[in-house]
Amino acid sequence: MRRRILVAMSGGVDSSVAAALLAREGHDVIGATMKTFCYRETPGPTKTCCGLDGITDARRVASHLGIPHYVFDVEEEFTRDVIDDFVGEYGRGRTPNPCVRCNSNTKFRDLLSRAVALGCDGIATGHYARLERRGAPTLLRGSDREKDQSYFLWGLPAEALSRLHFPLGALGKGEVRKRARDLALATADKPESQEICFVPVGHYRRFLETRLPPGHAALTPGPLITTRGDVVGQHRGYAGYTVGQRKGLGGGFSEPLYVLEIRPATREIVVGRREELYSSRMSVGALNWLVPDPPGEGRSVRVQIRHRAPDAPAVLLSVGVGSLELEFETPQRNVSPGQSAAFYDGPVLLGGGRISGSARKGAGSQ
Amino acid sequence: MIYLDHAAATPLRREVATAMAEIAHAPYGNPSSSHGWGRAARAALEDARERAAQALATAPRRVHFVRGGTESINLAILGRVDWALASGRARPWLLRSTLEHSAVRAAMAAAEARGCIVQTIDVSPTADIVLPAGGAGALQGAALVSVQWVNQETGLRLPVEALAESCAEAGVPLHVDAIQAGGKLHIDMSAHPISALSLSGHKLGGPASTGLLVLAEGVELHPRVFGGGQERGLRPGTEDVAGAVGFAVALDISVRQLERETVRLAALRERLETGLLGRLPRLRVHGAEGPRAPHILNVGVPDTSPDLLHAALDGAGIAASPGTACRSGAVTASPVLRALYGEEATRNAPLRLSLGWPSKPGEVDRAVKTVSAVVEGFSAR
């Protein structure tokens, strides 16, 4: 069936191929790039997508494919839903996941409303994920587990699933690049973007300095303490640290130390040995379910707590409206508050939430 | 596709293409060379200059060919600043209206960064220029006043003739951005004391990247680029003979057809405006309170955003423009509408429909139907 589909084109190779595949299938394809923040009218930041260069590349690909292309200004929405949240989370001593926020809000909700206004049946992106359309639509991991991006999609509005298309879900990156070259797309050999699009590479602390009020606790030095409460050093402000991090703690310790916990109220960063990084329990908030019958108490699920990490078996101890508590079958490393927890049943993405806390082996819950 | 974006660029006139092709295929050399081919190029260039000068009622030596309207504006403003700084003025003082095109605004911002003081002159929705307290006297001492003749978004026609008299009285040079006025208003350099005037080729049916700066006797500027002494040293670099010829032909035709064409365009605009307002009574016409050039209709469309509106119009086969955009192609809130009508005007999506020499009544009627259907689609949602 011929559909009218709006494709989110970042200017990267994946979304370029996604647009090309749909156009080849005979759909009425419209390309759209979202202007998410001000580019200050100069090229850069030096990112492979999202900047002015990304828009230029997306336009070139769209013109090559013979499809129209538009730029939508979502700066206001993106600032509110993604950037402000990013800054706020670091301010609260957590490690945010802005790509998830963007997918949950900007990329799908805001883009979908524009697609509907333009008379489109649905929207497509270059994510490596699949949709199973029999019965209620379900979201599956991409076929290529290495490239799978379903982890970033747990926050999508469930009612949007029926309108989504992921043309790359069954492909691997190698195949996507090959198709891009076969189609002579200008973006075929662009490097992958892995960084946060609105923060210059490696400068997120400087970015936070411009966004948080001067003298904010998150940017003020504080003590490094052990789980026993002994002060073993100083840190430069807790916004620069993430649970599991080893770098940046200074030297002179008898053994390697890792960040175990950030306590924004006292500006303390708790550090400890590698084996102390493991948590057996985890609490998750801001839950969003993508299946009509979400798992309840006592159910076994598999949970993924980082991009590209394997999923781990866990049992749901308690499930509320917006939050749950679970126990890992085997304790997991680096459970970072603020990061995403995505729940799976085999390849099916059930939903997810934001990690709100964890309990280390042999310690009480945070 | 119904093309209603002539204020952005209007198609090349057939006569222009013919004249330029002739230059491109003929044995022309560098106009600075003294051999036969060079002399032929020089002759074509000076003919073009004469033709342009005649169309504007000025002397050929007052006409400087430059590479486009933005360059012309930058030369007038920053060239004047350089001259003022070199003549020992510590902080040259410049004035511009609040409605100016980004070329003027950005050139003045660059001047500010170099120590100039920039003051803005308000323009009312009736297109009256509100001079600072003290009237013409208050202009005394300014290094330059720069005001547009016709506003690029609304078509508002500013009383540049009267301002020229005030500036002359104060002994202050006036630069006029006439880029949207070219071919739409009678421009007579001999009738008004205008010190500098900018025009651009692609708004006239000439080639893009061509333009000119007319300078009155005694107005001193410094060049912005340096090289050989072409264009009286103000715009060095080997001359674009084909471009100059194309520009001159386009300007000449536009001026000769001006009277008939302005009546025709005004009638088309009226047809478009009444047609749209008849179907879409909630539209707000921007610029309706003042005198307007005949080719621009700007309306505020409720219940939608500018980027969506223009994507939907493009999909429906209407080429129009919000009138303002940043380099990414995203639509930005219009400083012009904000200056004229306040913050409230920026809540509606601006839609600029502009007519040009190829526009026909049938197209206008079809545009009324299509635009109405698209806008009604948004309101229904």
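Predicted, not measured: the structure shown is a model, and the values here were computed from it.

Trainee: Mind laying out the domain arrangement of chain A, listing which residues take part and the relevant values?
Mentor: Residue and element names in this part refer to chain A. Domain boundaries in chain A define domain 1 (4–182), domain 2 (217–272) and domain 3 (278–360). Taken over C-alpha atoms, the centre of domain 1 sits 25 Å from the centre of domain 3. Domain 1 puts 19 residues into the contact, and the matching count from domain 3 is 18 residues. Per-element accounting of the side of domain 1 that touches domain 3 gives the leading share, four residues, to strand S6 (residues 138–141).

Trainee: Outline the pairing of strand S2 (residues 28–35) of chain A, supporting the account with residue identities and numerical values.
Mentor: Regular strands show a simple pattern: their side chains alternate between the two faces of the sheet. Residue and element names in this part refer to chain A. Burial within S2 is extensive, with seven of its eight residues counted as buried. By the bridge criterion, five bridges tie strand S1 (residues 4–8) to S2 in an arrangement that is parallel. Following the sheet pairing, Ile-5 is matched in S2 by Val-29. The parallel pair S1 and S2, bridged by helix H1 (residues 13–24), forms a crossover whose chirality is right-handed.

Trainee: Would you mind going over the packing of helix H1 (residues 14–25) of chain B against helix H6 (residues 241–256) of chain B in detail, with residue names and values included?
Mentor: Residue and element names in this part refer to chain B. Here H1 crosses H6 at 155°, and the two axes come no closer than 9 Å. Between H1 and H6, the angle is such that the two are roughly antiparallel. As for how H1 packs across H6, the hand of that crossing is right-handed. Facing H1, whose interface residues are Glu-15, Val-16, Ala-19, Met-20, Ile-23 and Ala-24, H6 presents Val-241, Ala-242, Val-245, Gly-246, Val-249, Ala-250 and Ile-253.

Trainee: Let's hear about the domain arrangement of chain B: which residues, and what values?
Mentor: Residues and elements named next belong to chain B. One can read the domain layout of chain B as domain 1 (2–9 + 258–380) and domain 2 (14–256). The partner domain 2 presents 25 residues to the 25 residues of domain 1 that form the contact. Mapped by element, the contributors of at least two residues to the side of domain 1 that touches domain 2 are helix H7 (258–279), strand S11 (296–301) and helix H9 (335–341). With five residues, the single largest contributor to the side of domain 1 that touches domain 2 is H9. Across the side of domain 1 that touches domain 2, the residue classes tally to 13 nonpolar, nine polar and three charged.

Trainee: Mind laying out the environment of Pro-291 of chain B, listing which residues take part and the relevant values?
Mentor: Residues and elements named next belong to chain B. Position of Pro-291 relative to the elements: it lies in the loop between strand S10 (284–286) and S11. With 13 C-beta atoms counted inside 10 Å, the residue Pro-291 sits in the partly exposed group. With 165 residues separating them in the primary sequence, Pro-291 and Thr-126 have C-alpha atoms 7.2 Å apart. Residues in contact with Pro-291, not counting those within four places in the same chain, are Ala-127 and Arg-157.

Trainee: How would you sum up the environment of Ile-196 of chain A? Please name residues and give values.
Mentor: Residue and element names in this part refer to chain A. With respect to the helices, strands and loops of the structure, Ile-196 is situated in the loop between helix H5 (173–182) and helix H6 (204–211). With 98 residues separating them in the primary sequence, Ile-196 and Pro-98 have C-alpha atoms 7.4 Å apart. Other than its neighbours up to four places away in sequence, Ile-196 contacts Pro-98 and Tyr-204.

Trainee: Now, about the sheet that holds strand S5 (residues 129–130) of chain B: what can you tell me, with residues and values included?
Mentor: All names here are of chain B. Read across the open sheet, the eight strands follow the order S2-S9-S8-S7-S6-S3-S4-S5; overall the sheet is mixed. One side of each edge strand has no neighbouring strand; the edge strands of this open sheet are strand S2 (63–66) and S5. Bridge analysis of strand S3 (residues 93–97) against strand S4 (residues 117–123) gives five bridges, and the strand direction is parallel. If you follow Ser-97 over to S4, its bridge partner there is Ile-121.

What counts, and where the lines are drawn
- Residues numbered from 1 in each chain as written.
- Chains lettered and ligands numbered in written order.
- Predicted model: local features only at pLDDT ≥ 70, side-chain atom pairs only at ≥ 80, totals over all residues.
- Domains from an automatic or database assignment.
- Contact = placed C-beta atoms within 7 Å.
- Helix = DSSP H or I, 4+ residues; strand = E, 2+ residues; numbered from the N terminus.
- Buried ≥ 20, exposed ≤ 12 C-beta atoms within 10 Å, placed from the backbone.
- Pairing = 2+ DSSP bridges.
- Right-handed = clockwise from strand over helix to strand, strands pointing away.
- Axes fitted to C-alpha atoms, helices over the stretch in contact; angles between N-to-C directions.
- Parallel < 35°, antiparallel > 145°, perpendicular 65-115°, else oblique.
- Left-handed = near helix turned anticlockwise from the far one by under 90°.
- Nonpolar A, V, L, I, M, F, W, Y, C, P; charged D, E, K, R; others polar.

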